[in-house]
Amino acid sequence: MSSASDPLAALGSLPGVAESVDSVRKAVDRVYGHRVMRRRSGEITSEAALRGARGSAALSGADWALEEVRRRTDFGAEDEARTVGAALRLTAEAGQLLSIWRQSPMRVLARLHLVACGATGAAGLAGTAAAGAAGVGDVVGRPRLAGEPVDEPLVDLPLPSAEEVAGRLDGLSRLVIAGGSAPALVTAAVVHGELLALRPFASYNGLVARAAERIVLINSGLDPKAICPAEVGHAEQGAEAYLKAFEGYVSGTAEGMAEWIRHCGRAIELGVRESTAVCEALQRGAA
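Everything numeric here is computed off the predicted structure, so don't read it as measured data.

**Student:** Just checking my understanding: could you explain the overall build of the chain for this structure?
**Tutor:** When you go through the chain residue by residue, the secondary structure sums to 14 helices and zero strands. Going from N to C terminus, the chain has its helices and strands arranged as α-α-α-α-α-α-α-α-α-α-α-α-α-α. For a compact globule of 287 residues, the expected C-alpha radius of gyration is about 19 Å, and the chain comes in at 18 Å, within 12% of that figure. Principal axes of the C-alpha set define a box for the chain whose edges measure 55 × 50 × 35 Å. Within the span of the chain, comprising 287 residues, buried residues form 54% of the whole.

Structure (structure tokens):
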């Protein structure tokens, strides 16, 4: 496929990107080769989901200790609790949407927003359009319209217009459906960056963007058991570094795009490190 028909593939040749792709692949292979993964992979997946949700929520302003996230059952009392609850629901839902992603990414994104908002009364993806039409919160599960406000605590860049959002979402959807030869890291970083740049929904855009990144990494085959939580790495690098790298994506320059992709690669490697530590703890009988 030529670079004209597969624009994401060209990003793989940006400075430092190929090295980042290779480093991520080696790190992922190492944790998948850990002896604990042969018999207790389900436990690693569950722990990675919890830690990933905690990391994503932290970037959205709810920086709770892991044990607090683990013990809590009520996530509806106040803003931070709702953010943590949304992150947990999204992480759980992501694995249920893999077969739909490559066919209809927009349906998946709508579903993710519904789940983040807690509006899950509709019967799965089949009910997503109906739920939006019926007005579950009116703005839930659909891209924002002209003049509608956006609540996104981390990103304070100018909002693209609703018309631009619609056009760019359509372009992103077409890229996902078409597939291509771009490495999983590149595709995941672009999906994440584009959704964060567009902020297409009225709320929870950061959480949805990071959940979509998770879906790409799992669905691509890079991380099929979902044990490499990039959200952990994004949080560990800190909000300032996250925003600085993201501004590179928004700039659209080759240097800025490369910086964002490398940042996402480092996040995956830090997620791998986290799951490796969990494997070691299980091996020692400490977890």
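**Student:** What should I look at first to understand the confidence of the model for the chain in this one?
**Tutor:** For any part of a model where pLDDT is low, the fine detail of the predicted coordinates should not be relied upon. Averaged over every residue, the pLDDT of the chain is 91; residues scoring 70 or more account for 91%. Scored below 50 in pLDDT, residues 121–136 makes 18 contacts in the model with residues more than four places away or belonging to other chains.

**Student:** What's the story with the nonpolar core in this structure? I'm lost.
**Tutor:** Residues Trp101, Leu109, Leu112 and Ile268 are the most contacted members of the largest nonpolar core, which totals 86 residues. With residues near it in sequence (within four places) discarded, Leu112 still touches Leu90, Leu97, Val208, Ala211, Ala212 and Ile215.

**Student:** I would appreciate a short explanation of the pattern of salt bridges in the present structure.
**Tutor:** Where charged atoms from two side chains of opposite charge come close, those side chains can pair. Counting across every chain of the model gives 19 salt bridges. Each of Glu47, Arg51, Glu67, Arg70 and Glu274 takes part in a single network of salt bridges with overlapping partners.

**Student:** I would appreciate a short explanation of empty space enclosed by the protein in the present structure.
**Tutor:** The probe, sized like a water molecule, is rolled over the atoms to show the empty space still left. In this structure the tally under the stated criterion is two cavities of 30 Å³ or more. Taken as a whole, the largest cavity holds about 50 Å³ of empty space. In terms of lining residues, the largest cavity is bounded by Ser56, Ala87, Leu90, Thr91, Leu207, Arg210, Ala211, Arg214 and Glu231. Breaking the lining of the largest cavity down by element, the ones donating at least two residues are helix H5 (79–94) and helix H11 (205–219). Ranked by residues supplied to the lining of the largest cavity, first place goes to H11 with four residues.

**Student:** Would you take a moment to explain helix H9 (residues 162–178) for this structure?
**Tutor:** Two residues of an α-helix separated by three or four positions point the same way, owing to the 3.6 residues in each turn. Helix length check: H9 (17 residues) gives 24 Å between terminal C-alpha atoms against 24 Å at 1.5 Å per residue, within 8%. Buried within H9 are the following residues: Ala162, Val165, Leu169, Leu172, Ser173 and Val176. Burial along H9 is one-sided: seen end-on, the buried residues are contained in an arc of 105 degrees. Turned more than 90 degrees off the buried face of H9, the exposed positions are Glu163, Arg174 and Ala178. Once H9 finishes, Gly179 follows within two positions and takes phi at roughly 70 degrees, a positive value.

**Student:** It is not clear to me how the packing of aromatic side chains should be interpreted in this structure. Could you clarify?
**Tutor:** Both the distance between ring centres and the angle between the ring planes are used here to describe each pair of aromatic rings. Under the definition given, this model contains four aromatic pairs. Ring centres of Phe246 and Trp260 lie 5.9 Å apart, and the angle between their planes is 65 degrees; this geometry places the pair in the edge-to-face category. Residue Phe246 is located in helix H13 (residues 239–251), and its partner Trp260 is located in helix H14 (residues 254–284); the two are separated by 14 residues in the primary sequence. One exposure class covers both Phe246 and Trp260, and it is buried. Put simply, the rings of Tyr242, Phe246, Tyr249 and Trp260 touch in pairs and so form one group of aromatic residues.

**Student:** Can you walk me through the environment of Cys117 in this structure?
**Tutor:** Among the structural elements, Cys117 can be located in helix H7 (residues 105–117). The class for Cys117 is partly exposed, based on a relative accessible area of 28%. Expressed as a C-alpha distance, the spacing of Cys117 and Ser203, which sit 86 residues apart in the sequence, is 8.2 Å. Non-local contacts of Cys117, meaning those with residues more than four positions away in its chain, are made with Arg89, Val140, Ser203 and Tyr204.

Rules of the game
Residues numbered from 1 in each chain as written. Predicted model: local features only at pLDDT ≥ 70, side-chain atom pairs only at ≥ 80, totals over all residues. Heavy atoms only, no water. Helix = DSSP H or I, 4+ residues; strand = E, 2+ residues; numbered from the N terminus. Rg over C-alpha atoms; globule rule 2.2 N^0.38 Å. Buried < 20%, exposed > 50% of the residue type's maximum accessible area, 1.4 Å probe, protein only. pLDDT = per-residue confidence, 0-100. Contact = heavy atoms within 4.5 Å. Core = buried A, V, L, I, M, F, W, Y, C linked by side-chain atoms within 4.5 Å. Salt bridge = Lys/Arg side-chain N within 4 Å of Asp/Glu carboxyl O. 1 Å grid on protein atoms, 1.4 Å probe; cavity = no way out; pocket = protein on both sides within 12 Å on 5 of 7 lines; lining within 4 Å. Points joined across faces, edges and corners; volume = space filled by probe spheres on them. Expected span 1.5 Å × (residues − 1). Arc of directions from axis to C-beta. Phe/Tyr/Trp six-rings, centres within 6.5 Å; stacked < 30°, edge-to-face > 60°.

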